[in-house]
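Commentary on secondary and tertiary structure
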Amino acid sequence: MFDFIKKQKEMAVYAPMDGEAIKIEQVPDEAFSEKILGDGAAIIPENGNVYSPVDGEIIDITDTKHAFCITTNEGTEVLLHIGIDTVNLKGEGFDVKIVSGDKVKAGTKIAQVDLELLKKNNIKTITPVILTEAQNYKITQVHEGKVSGGRDVLFLYKKI
Amino acid sequence: MQEFTYTIKDKIGIHARPAGNIVKIAKEAKSDVSMECRGKTADLKKIFSLMSLSVKCGDEVKVTVSGDDEVEICEKIKRYLTENL
């Protein structure tokens, strides 16, 4: 009868790229910093390797190849969005290694991005990872500073 | 039930930023809110659902709002689409 006070288990979202982890509030785009798309954290990447941040299934990849909708094995919806305003590149500079419906593990390489091409086009490379149904979750810890893509935890969260 | 159709004029279509804004309006609604495009229907309270529609420039979308605040919400979404997409 005390099920309701059972502690919800913490789940991890891993860094999708090598680089520096920052708080979502520091992303220079209000769609992310004001959590309009959801809550999470972001990476300032130092190279173009992109890894899945969670164990789960690829639900959708935008036609412009820079945004990935992934549902974790626990049912959490995670949006990985490479760069800010990357939509304007229409897929150029992105080599995607997976297709919708693929099952992935945290750390599975899912894409290679030409960061230099993004920079040449004045597109910020900052890459947010967010939980889109943020009202259902609480972010309990955000890792800040240097992280290794696919290996280090970016943030922890639990169901509320 | 309220509904309207709208043809997307924005070159990029409904990508993450507008999707976030549309879902924000829909999530605040008591009504059920959906969008239909090319035979697929999305729950506008969910980012994933809307992004999976891959709405592009030139696509006609039909928005349906059903519930207590349907008139107000339908108007809000219509205004957002007209002004931004």
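Residues numbered from 1 in each chain as written. Chains lettered and ligands numbered in written order. Predicted model: local features only at pLDDT ≥ 70, side-chain atom pairs only at ≥ 80, totals over all residues. Heavy atoms only, no water.

Regarding its fold elements, chain A presents two helices and 14 strands. Principal-axis analysis of the C-alpha atoms gives chain A an extent of 60 × 30 × 25 Å. In chain A, which comprises 160 residues, the proportion classed as buried is 54%. Residue pairs in contact within chain A that sit at least 24 positions apart in sequence constitute 70% of those at least 6 positions apart. Of the roughly 7500 Å² that chain A leaves accessible, carbon and sulfur atoms contribute 46%. When the 19 positive and 25 negative side-chain charges of chain A are each reduced to one mean point, those points stand 4 Å apart. (Helix = DSSP H or I, 4+ residues; strand = E, 2+ residues; numbered from the N terminus. Buried < 20%, exposed > 50% of the residue type's maximum accessible area, 1.4 Å probe, protein only. Contact = heavy atoms within 4.5 Å. Areas by Shrake-Rupley, 256 points an atom, 1.4 Å probe, with all protein chains shown as cover. Lys, Arg positive; Asp, Glu negative; His and termini not counted. Charge placed at Lys NZ, Arg CZ, Asp CG, Glu CD.)

Attention now goes to helix H3 (residues 70–84) of chain B. At 3.6 residues per turn, the α-helix brings residues three or four places apart onto the same side. Residue and element names in this part refer to chain B. Here H3 contains 15 residues, and its C-alpha end-to-end distance of 21 Å stays within 8% of the 21 Å for a straight helix at 1.5 Å per residue. Of all the positions in H3, only Glu70, Ile73, Cys74, Ile77, Tyr80 and Leu81 are classed as buried. Down the axis of H3, the buried set is contained in an arc of 130 degrees. They therefore lie on one face. Exposed positions of H3 whose direction lies more than 90 degrees from the buried face are Val71, Thr82 and Glu83. Residues of H3 that are buried in the fold lie against strand E1 (2–7), helix H1 (16–27), strand E2 (32–37) and strand E4 (60–66). (Expected span 1.5 Å × (residues − 1). Arc of directions from axis to C-beta.)

Turning to the packing of H1(B) against H3(B), a few remarks are in order. Residues and elements named next belong to chain B. Contact geometry of H1 with H3 gives a least axis separation of 10 Å together with a crossing angle of 165 degrees. With respect to each other, H1 and H3 are oriented roughly antiparallel. Crossing of H1 against H3: the hand is right-handed. Residues Pro18, Asn21, Ile22 and Ile25 of H1 form the contact with H3, whose participating residues are Ile73, Lys76, Ile77, Tyr80 and Leu81. Of the residues that constitute the contact of H1 with H3, the class distribution is seven nonpolar, one polar and one charged. (Axes fitted to C-alpha atoms, helices over the stretch in contact; angles between N-to-C directions. Parallel < 35°, antiparallel > 145°, perpendicular 65-115°, else oblique. Left-handed = near helix turned anticlockwise from the far one by under 90°. Nonpolar A, V, L, I, M, F, W, Y, C, P; charged D, E, K, R; others polar.)

A few words on the confidence of the model for chain B. Scored by pLDDT, chain B has a mean of 96; 100% of the residues are at 70 or more. Taken together, the chains of this predicted complex give a pTM of 0.92 and an interface ipTM of 0.86. (pLDDT = per-residue confidence, 0-100.)

A separate point is the interface of chain B and chain A. Facing 16 residues of chain B, the contacting portion of chain A comprises 22 residues. The tally of links between chain B and chain A comes to five salt bridges. When the shortest N-O distance is used, the salt bridge between B:Arg17 and A:Asp85 registers 2.6 Å. The tally of links between chain B and chain A comes to five residue pairs in polar contact (both at pLDDT 80 or more). If you list the elements that add at least two residues to the side of chain B that touches chain A, you get H1 and helix H2 (47–52) of chain B. A total of six residues in the side of chain B that touches chain A trace back to one element, the largest contributor, which is H1(B). The class makeup of the residues in the side of chain B that touches chain A is five nonpolar, five polar and six charged. (Salt bridge = Lys/Arg side-chain N within 4 Å of Asp/Glu carboxyl O. Polar contact = N/O pair within 3.5 Å; in protein donor to acceptor, adjacent residues only side chain to side chain.)

With that out of the way, let us pick up the pattern of salt bridges. Pairing is possible between side chains that carry opposite charge, provided their charged atoms lie close to one another. All names here are of chain A. Summed over the entire model, instances satisfying the criterion amount to 15 salt bridges over all chains. Among the salt bridges present, the one from Lys9 reaches Glu74, with a minimum N-O distance of 3.8 Å. With Lys9 in the segment before strand E1 (11–14) and Glu74 in the loop between strand E6 (67–72) and strand E7 (77–81), this pair connects stretches of sequence that are 65 residues apart. Classification of Lys9 by relative accessible area gives exposed; the value is 51%. Several salt bridges share partner residues, and in doing so they unite Glu25, Lys35 and Asp39 into one network.

Another point: unusual backbone geometry. Phi is positive for A:Lys35, close to 60 degrees, though the residue is something other than glycine. Take A:Lys35: it is sitting in the loop between helix H1 (30–33) and strand E3 (39–45).

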